[in-house]
Amino acid sequence: MHPTNSRHAGYLLYHSIGQYPGKEQDLAEAMAEFAKVYAAPNDRQWGYMLRGRQDFINTWRQLINAPQGTATTCESVTQGLHMLMRALPEALLTGKRVLIAADCFPSMHFLLAGLAPKMGFTLHTVPMRQGAAWVEPDDFLAAWGPDVGLALLTWVTSTASARIDLAPLVAHGRAMGSLIGVDITQAAGLIPFDAQEPKVDFVLSTSLKWMCGTPGAGILYIDKALIPDLQPEGRGWFSQNNPFSWDLDKFEYAPDIRRLDGGTPGIVPAIASLPALRWHAAQDRDALVAWNRRLADRIILRADALDLPLHSPRSADRRGGSIMLRLPDKAEAAALVGALGVEGYSVDSRGPLLRLSPGVVTAEAAVDAVFDIAGAVLAQRRRRHQGRSGGHQQGADSGGAVTDPAAVLGDLARQMASGAVRVVDCTARLGPDTPILRLPEGFAVNTPAVEIHKISEYDQDGPFFAWNWLKLGEHSGTHFDAPRHWLSGKDHPDGATDSLAIQRVVAPVNVIDCSAQAAADPDFLLTARHVKAWEAEYGAINPGEWVLMRTDWDRRAHDPALFLNEDPDLAGGGAHSPGPAPDCIDYLLGRGIVGWGTQCIGTDAGMAARFSPPFPAHSFLHRDNCFGLASLTNLDQLPPRGAILIAAPLKILRGTGSPIRALALVPAA
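Residues numbered from 1 in each chain as written. Predicted model: local features only at pLDDT ≥ 70, side-chain atom pairs only at ≥ 80, totals over all residues. Heavy atoms only, no water.

**A look at empty space enclosed by the protein**
Here's step 1: All told, the structure shown has 3 cavities of 30 Å³ or more when counted by the stated rule.
Here's step 2: What the largest cavity holds in volume is close to 240 Å³.
Here's step 3: Contributing to the lining of the largest cavity are 23 residues, with Gln19, Lys209, Trp210, Gly359 and Val360 lying nearest its centre.
Here's step 4: Looking at the lining of the largest cavity, the elements with two or more residues in it are α7 (268-281) and α8 (285-305).
Here's step 5: Split into classes, the residues belonging to the lining of the largest cavity amount to 14 nonpolar, 8 polar and 1 charged.
Here's step 6: As for the second largest cavity, its lining consists of 15 residues, and the residues nearest its centre are Ala101, Asp103, Val135, Thr154 and Ile164.
Here's step 7: Broken down by secondary-structure element, the contributors of at least two residues to the lining of the second largest cavity are α5 (137-143) and β4 (148-154).
Here's step 8: Residue composition of the lining of the second largest cavity, by class: 10 nonpolar, 2 polar and 3 charged. (1 Å grid on protein atoms, 1.4 Å probe; cavity = no way out; pocket = protein on both sides within 12 Å on 5 of 7 lines; lining within 4 Å. Points joined across faces, edges and corners; volume = space filled by probe spheres on them. Helix = DSSP H or I, 4+ residues; strand = E, 2+ residues; numbered from the N terminus. Nonpolar A, V, L, I, M, F, W, Y, C, P; charged D, E, K, R; others polar.)

Listed below in structure tokens is the structure:
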């Protein structure tokens, strides 16, 4: 099997949304047909929709070998589990334990923990061993005694793609007299599953991931022997054998799983997912698995070469279709995801785990490209903190030649004294008229305007001296954003203004001139493509360097309204000021920068609240323990390369930022 759609050749995304050749066209046609039927001025809609839902159910039944009348739709695995749990006979689980593994899908645990006090059972979560990536089946079996009323098995974990052998677990559960359910979401559609062998009591899945369907298209199978005992808490007209029975005093549950259908069922997700399910049903299942295994083996080989620890079972028969790799920390994983995304490769991360799911559209060459890029990015980023401790050591210039630091500093002093190197002040005046960011009313508390209060001025309050006290926010005027400023950076131990590595704030600076574009369009966004074009002209941005976006926006600072340029429509979502696109920040973090700065009120574009994700400069930079600079001035006096920026914040206790005097050392020529 080989991918047929080069547009998706680099698709290895783990998170939920699967791809197959022709998906976009199939989905568009299905939705267009739905719109045509549903909007028609007649009464034929229900027959069309109910047939579509039943086709969806029947396709799933064939996939998991579920008999007629044992499968129905649900919105999600969590909602499906809730439907089942609240339909169980009253007191069936009272005083019993419900068993689940610590590496279950978290949503299931959230639900069961909430139901435990209401239904009278004790939730027993089997833990992972110290340092393990998944729960060992032996530990689950050891915890499974005759007092376990229900056990929920996770066939393949979402955290490590670890797959359990169901047969011995189900056999043990039968001996214990427990109800047994299985969440098959993480491998359904890739690895064959049979609800009858071994026979389980219920199965849950969605149509996402390998099934390539849409959100909201879940499936719930319940064994025929259990169905008659169920008394669903949520019941409605579709719960009856004849939905059109209107006698209010003669409600009777349908004899099969339809009793769980409640009111009018959700139909659109099923119809939207049908094209993917039909495509899947027509495939050679063995070929799907073989292609996945071939690419997974390649991923493991390349990961081993980069010394990236495997967080999934190495053996294919103990694994689902995905591979998880452990990176040093969550920031490193997220930065790598962003850098790969800029180059057109879709992967994702969860904490420090890099997650890759090679599917039918994934090209083998894409796996090698991903790891070629990953190797380069990780090597680049390892250099970004060199010298951060400020230790005394002999250095090397960019060409690798050993240099004498004392000689370098002596030469710099002479160059500054002679005027060959001059100091450019990149700082706005700080005072009562300084523009301050305004947040939407009711959203959060705003920073107050700057106030300067006299203590004394050669008078009775101080005859020989003058001094003032100030009232201002940490992020007033030309200011520094420390990682602790944003939720994504709150956990860095060196992320506050009093704990950051001060060596990092003095660094070479790259200035990307966007003044012409910003003058033409106040909503101009700097993209990764723009940055690459700039690098082609001026040279590569190196690890540990600053990157500044020149827009000449400081020329508006005399008028706060002009500087903020807020959208007059309160529902507009922000202000009209230039800034970086999400892929710009992703790309720069892949280059290993120390920080990013702008001449606008903040490091993000004015409309960044609308971006996906919102406020990428703040979110990505601070997640990466990098710094932000805002309201800079005089960037037109800096060269594209060759200057040194000094941007040191005040050493405020646990400070999230501070006003600064940003200074650039610039060659006079």
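**Description of the pattern of salt bridges**
Here's step 1: Counted under the stated rule, the structure contains 31 salt bridges.
Here's step 2: As a salt-bridge pair, Arg550 and Asp552 come within 2.9 Å of each other at their nearest N and O atoms.
Here's step 3: We classify Arg550 as buried; its relative accessible area is 16%.
Here's step 4: Its relative accessible area of 11% is what places Asp552 among the buried residues.
Here's step 5: Taken together, the shared-partner salt bridges connect Asp513, Arg550, Asp552, Arg555 and Asp636 into one network. (Salt bridge = Lys/Arg side-chain N within 4 Å of Asp/Glu carboxyl O. Buried < 20%, exposed > 50% of the residue type's maximum accessible area, 1.4 Å probe, protein only.)

**As for the sheet that holds strand β22 (residues 627-630)**
Here's step 1: The 9 strands are arranged β13-β25-β23-β17-β19-β21-β22-β16-β24 in an open sheet whose pairing can be described as mixed. Every interior strand has two partners, whereas the edge strands, β13 (421-425) and β24 (657-659), have only one. Neighbour to neighbour, the strand axes of the sheet diverge by 25° on average, direction disregarded.
Here's step 2: One ladder, built from 3 bridges, connects strand β21 (residues 595-598) with β22; its direction is parallel. Within the sheet, the bridge partner assigned to Trp596 lies in β22 and is Gly628.
Here's step 3: In this fold helix α16 (residues 616-623) packs onto β16 (479-481), β21 and β22, with an angle of close to 145° to the strand it touches most, β22. (Pairing = 2+ DSSP bridges. Axes fitted to C-alpha atoms, helices over the stretch in contact; angles between N-to-C directions. Contact = heavy atoms within 4.5 Å.)

**Points about the layout of surface pockets**
Here's step 1: In this structure, the second largest pocket spans a volume of roughly 1100 Å³.
Here's step 2: In terms of lining, the second largest pocket is formed by 35 residues, of which the most central are Leu437, Arg438, Leu439, Pro440 and Phe615.
Here's step 3: Its residues placed into classes, the lining of the second largest pocket shows 16 nonpolar, 12 polar and 7 charged.

**Some details on the nonpolar core**
Here's step 1: Core analysis: the biggest nonpolar cluster contains 42 residues, and Trp60, Leu153 and Trp155 have the highest contact counts within it.
Here's step 2: Within the residue set of this core, elements represented by two or more residues are α2 (45-64), β2 (97-101), α5, β4, α6 (166-176), β5 (179-183), β7 (218-222) and α7.
Here's step 3: In terms of residue count, α2 provides more of this core than any other element does, 5 residues in total.
Here's step 4: Not counting residues up to four positions away in its chain, the partners in contact with Trp60 are Ile184, Ala188, Ser205, Thr206, Ser207, Met211, Ile219 and Leu277. (Core = buried A, V, L, I, M, F, W, Y, C linked by side-chain atoms within 4.5 Å.)

**Considerations on the packing of α2 against α7**
Here's step 1: One way to put it is that α2 packs onto α7 with a least axis distance of 9 Å and a crossing angle of 40°. Classified by the interaxial angle, the pair formed by α2 and α7 is oblique. Crossing angle aside, the handedness with which α2 passes α7 is left-handed. Together, Tyr48, Met49, Gly52, Arg53, Asp55, Phe56, Thr59, Trp60 and Leu63 of α2 and Ala270, Ile271, Ser273, Leu274, Leu277, Arg278 and His280 of α7 make up the contact between the two elements.
Here's step 2: Split by residue class, the contact of α2 with α7 holds 9 nonpolar, 4 polar and 3 charged. (Parallel < 35°, antiparallel > 145°, perpendicular 65-115°, else oblique. Left-handed = near helix turned anticlockwise from the far one by under 90°.)

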